[in-house]
Amino acid sequence: MREQTCVVVGGGYAGIHTIKALLKGFQGKPTGRKLRILLIDKESYHLRKVLLFKPAAGGENITIPLADLFPEGVEFIQGTVMKVDSESKQLHYTSAKGIACSQAYDQLVITVGSIVRQTDPDLGGIALTNLQTAEQIRAQWRSNLQKAIHCQNKKERERHLSVAVAGAGISGIEAAAELVYTMKQEAKEQGLDPSAVKVYLLNAQERLFQEGPAKVGRKIEHILTNAGVIVRHGFKALYEKDGRLTLSNGEQLAVGLSIWTLGLLPNPILRTLGLATTKEGQLIVDACYRVQGTAGIYAIGDCAQIIDPATGQADRLTCKEATAQAARLAKVISADIEGTRAPEHASFMDFFCIGLGPGHGMVWTRKWGLDLMITGKLGWKVRKFTWDQASLLQ
Ligand SMILES: Cc1cc2nc3c(=O)[nH]c(=O)nc-3n(C[C@H](O)[C@H](O)[C@H](O)COP(=O)(O)OP(=O)(O)OC[C@H]3O[C@@H](n4cnc5c(N)ncnc54)[C@H](O)[C@@H]3O)c2cc1C
């Protein structure tokens, strides 16, 4: 059989797990099938996106060069994909040097993911959207700490030591927990009173962790409160101006920094690729991840609307769902090449891990109708394992 070219666009969680599964499924098999695998990403690295709060708090590097992840068996091109011509099976992209290029494919896997919801710059604060804003956040809270050291006015000093995280989904919770820990440490090292550090977590809902039961939300809140996070429910942060964050209940918080963590949106490039999208902007796929109206094009992860054919439920935009889809996708591609029946999508079990500051984590899953929860050091170990596993570090 002629060698086929499979192009994977996007080296996020969905993309790297697709490649891992393709390498496992196609290499060394005595079927005579050969697959050339090409990875295209606009960056040269895999971004461990779920850890964005780490550079915002402690300056940690959360990138892994894609060439290091796949030293063998995968060709890497750095370029931004702009358009897909599904008739002629050509992909058009702009190279890292800005040159318009094209690439032929037999199979094309689109995993260009999502973007973090931006806020209007007039609202003030910084949205935790990417590495640059994470660095801005870190620079700002550290500069505020320096201002606090030299500030004689008590109220103003308190303000310099206060941060608000607006948006209390998992990424807001993890950001608040990591920040309070790191800021207190730094304050102590700089001779400031660590108990003066205030991190607010502002939740528009009435409780944390809407994805699971209320008792798990209460447990998370309890751990956060013990760590020094002030959790406020039931109203929104509206805008920050001159160090005052105005809330929807009319209250104003004096803060040195406001951080927005407002969730994910499909990658805007999806609307211009020339493929079918939902009105929200995700690619439309069938139960085997084949993009509607095309041959040989598949999409998984945050960029596709993936519906469980048994329940009609759409998958969430999470890593664990993306990685489970990737493992199944490799089998779908293999079946489509062989002309056999491909497996269909099935939802991932309810399973959530949340980091609650260094050394602390919480895992919740539901099995046989029972809520299983692990907290503390073991919760942290599981959390770290899932982060590492998602980025192929084990
Ligand atoms: C702050 C934050 C915290 C999160 N926390 C969690 C969590 O705790 N648990 C969890 O399960 N999920 C979490 N998520 C969601 C999780 O990150 C996503 O579900 C996951 O990243 C989806 O993987 P993906 O591969 O589909 O997309 P992405 O990870 O977004 O990867 C997309 C890739 O495509 C590349 N790309 C984009 N456009 C182009 C283009 N035009 N051409 C070429 N390459 C392109 C990008 O550079 C990137 O490498 C979090 C997300 C954020 C932002």
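Residues numbered from 1 in each chain as written. Predicted model: local features only at pLDDT ≥ 70, side-chain atom pairs only at ≥ 80, totals over all residues. Heavy atoms only, no water.

Considerations on the site of the ligand
For clarity, the threshold we go by: If even one non-hydrogen atom of a residue comes within 4 Å of a molecule or strand, that residue is called near it. Here a polar contact is taken to be a pair of N or O atoms separated by no more than 3.5 Å, where protein atoms must pair a possible hydrogen donor with a possible acceptor and residues adjacent in sequence count only if both atoms sit in side chains. Computed with the Shrake-Rupley method and a 1.4 Å probe, the accessible areas treat only the protein chains shown as cover for residues.
Taken together, 32 residues surround the ligand, and among them A14, D41, K49, C319 and R383 come closest. Here an oxygen atom of the ligand and a backbone polar atom of A14 are 2.8 Å apart. In the model, an oxygen atom of the ligand is placed 2.6 Å from a nitrogen or oxygen of the K49 side chain. For the ligand, the accessible surface in isolation is 990 Å², of which the surrounding protein chains cover 91%.

Focus: the pairing of strand 23 (residues 361-367)
Put simply, the rule is: Exposure is judged per residue with a 1.4 Å probe applied to protein chains only, and the accessible area is read against the type maximum: over 50% gives exposed, under 20% gives buried, and values in between give partly exposed. Under the scheme used here, helices are H or I runs from DSSP no shorter than 4 residues and strands are E runs no shorter than 2 residues, and both carry numbers assigned from the N terminus. What makes two strands pair is DSSP finding at least two bridges between them.
Within strand 23, five of the seven residues are buried, leaving the element largely enclosed by the surrounding structure. Linking two consecutive strands that pair antiparallel, namely strand 22 (residues 351-355) and strand 23, is a turn of five residues; a positive phi of about 95 degrees is found at G357 within it. As paired elements, strand 23 and strand 24 (residues 370-374) share five bridges and run antiparallel to each other. Opposite R366, over in strand 24, you have D371 as the bridge partner. Between the antiparallel neighbours strand 23 and strand 24 lie two residues, among them W368 with a positive phi of about 50 degrees.

Some details on the pattern of salt bridges
Rules: The working definition used for a salt bridge is a side-chain nitrogen of Lys or Arg within 4 Å of a carboxyl oxygen of Asp or Glu.
Under the criterion given, the structure shown has 16 salt bridges. Where R36 meets E75, a salt bridge forms, and the shortest distance between an N and an O atom there is 2.8 Å. Placement of R36 in strand 2 (residues 35-41) and of E75 in strand 5 (residues 75-85) is noted, with a sequence separation of 39 residues between them. As a salt-bridge pair, E251 and R232 come within 2.7 Å of each other at their nearest N and O atoms. Taken as a pair, E251 in the loop between strand 15 (244-247) and strand 16 (252-254) and R232 in strand 13 (residues 229-233) lie far apart in primary sequence, 19 residues in all. Overall, E251 belongs to the partly exposed group, its relative accessible area being 27%. Under the relative-accessibility criterion, R232 is labelled partly exposed at 21%.

What to know about the sheet that holds strand 1 (residues 4-9)
Sheets are built from strands paired through backbone hydrogen bonds, the pairs being either parallel or antiparallel. Condition: Axis definition: a line fitted to C-alpha atoms, limited for helices to the stretch in contact. Angles are taken between N-to-C directions and run from 0 to 180 degrees. Contacts were defined at the residue level, with two residues in contact if any of their heavy atoms lie within 4.5 Å.
Read across the open sheet, the seven strands follow the order 7-6-5-2-1-8-20; overall the sheet is mixed. In this open sheet, the two edge strands, each paired with only one partner strand, are strand 7 (100-104) and strand 20 (297-299). Direction aside, neighbouring strands of the sheet carry axes that sit 40 degrees apart on average. Sheet strands in contact with helix 1 (residues 13-26) are strand 1, strand 2 and strand 8 (107-110), and its direction is about 170 degrees off that of strand 2.

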